[in-house]
Structure formats: structure tokens, C-alpha cells
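Residues per chain, in single letters:
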Amino acid sequence: MYFSRANHLANRLVRLEASYAAHSPEPLEDFESFNELYRATSREYSKIIREGQLDGSIRSDLSVSETLTTVINVFGIFSRKLSLQHNILSFVSDLDAGRQLEILKRMILDYLRNRP
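Each value, and the rule that gives it
Residues numbered from 1 in each chain as written. Predicted model: local features only at pLDDT ≥ 70, side-chain atom pairs only at ≥ 80, totals over all residues. Heavy atoms only, no water. pLDDT = per-residue confidence, 0-100. Helix = DSSP H or I, 4+ residues; strand = E, 2+ residues; numbered from the N terminus. Buried < 20%, exposed > 50% of the residue type's maximum accessible area, 1.4 Å probe, protein only. Contact = heavy atoms within 4.5 Å. Expected span 1.5 Å × (residues − 1). Arc of directions from axis to C-beta. Polar contact = N/O pair within 3.5 Å; in protein donor to acceptor, adjacent residues only side chain to side chain.

Student: Sorry, what's going on with the confidence of the model for the chain here?
Tutor: Low pLDDT means the predicted atomic positions in that stretch should not be read closely. Per-chain confidence: the chain averages 77 in pLDDT, with 67% of residues scoring 70 or above. Highest mean pLDDT in the chain belongs to helix H4 (residues 97–112) (88); lowest belongs to helix H1 (residues 2–17) (58).

Student: Sorry, what's going on with the side chain of glutamine 100 here?
Tutor: In this structure, glutamine 100 sits in helix H4. Owing to a relative accessible area of 15%, glutamine 100 belongs among the buried residues under this scheme. Among residues more than four places away in sequence, those in contact with glutamine 100 are Phe78, Lys81, Leu82, Ser93 and Leu95.

Student: When you look at the environment of valine 71 in this model, what are you seeing that I'm missing?
Tutor: Looking at where valine 71 falls in the secondary structure, it is placed in helix H3 (residues 64–87). Distance from valine 71 to lysine 105, taken between C-alpha atoms, is 9.6 Å for residues 34 residues apart in sequence.

Student: Before we go on, may I ask you to explain H4 in this structure?
Tutor: For an α-helix, the turn length of 3.6 residues means that residues three or four places apart are oriented alike. Its 16 residues place the ends of H4 23 Å apart at the C-alpha level, agreeing with the 22 Å of an ideal helix rising 1.5 Å per residue. The set of residues buried in H4 consists of Gln100, Leu101, Leu104, Lys105, Ile108, Leu109 and Leu112. All buried residues of H4 project into a common sector of 160° when viewed along the axis, lining one side. The backbone nitrogen of glycine 98 has a side-chain oxygen 3.0 Å away, supplied by the residue at the start of H4, namely aspartate 96.

Student: In this structure, what is going on with the environment of threonine 70? I would like to understand it.
Tutor: Its location among the elements puts threonine 70 in helix H3. Under the relative-accessibility criterion, threonine 70 is labelled partly exposed at 47%. A distance of 2.8 Å separates the side chain of threonine 70 from the backbone oxygen of glutamate 66, its partner in a polar contact.

Right, dumping it as C-alpha cells:
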């Protein structure tokens, strides 16, 4: 259950990071809305990690804050890279962006999963 919720939030996080606000050097009028969405996503991820640790589906040796910060940063870098590539008309990727996202999500979920 926690992994399907994490998968949904991973998609949401990529969309958040790929948004205009993530690339704009200008202050945004609705930046508080952006921050609230970011905080809400972070709270939900923290809850998923803690609940997963309690039920044994997520490794209990992981720091929630360190894991969350790392996951958010990895998805942020990934989405920025894809956004930049998308804006370069002559760029041809070796691997479809959707497939890259699936691999990245699998890597993170495999790292989090508790192995009895």
C-alpha cells in the first residue's frame, strides 16, 4: 500500500519540480502556493516513510529526513534535466523519459524496501 502511494507522489513530485516555478529566476506571485504544495508533498512522504517503517515494509535504519531530502533532490535534478532536454530541439535521448522515470522510481523503492 505504501509503495503505491509513494509511486503516485513520485509522479506528483516530478510535475512539481518541472513546473515553471522550479526554473524561474523571477519571484512568482503565487510562490506561497508552490511552497505549500511542496510542504504538503513533503509531509505526505514523511508520513509514508514513517508508517512503512512501523509496519516493516520500509527499512527502519533510514533517517526519515535524510531519505526525504535525498529523494526530493534526486527527483528535482531529474525533472530539471528532462525539462532542459525538452527545450533543446536537436537533443535526442538514448532512453525515453518515461522509462528513465520508471527506473529511477524502482531504484528508490528498492532501496527503501525492507528485506526480511
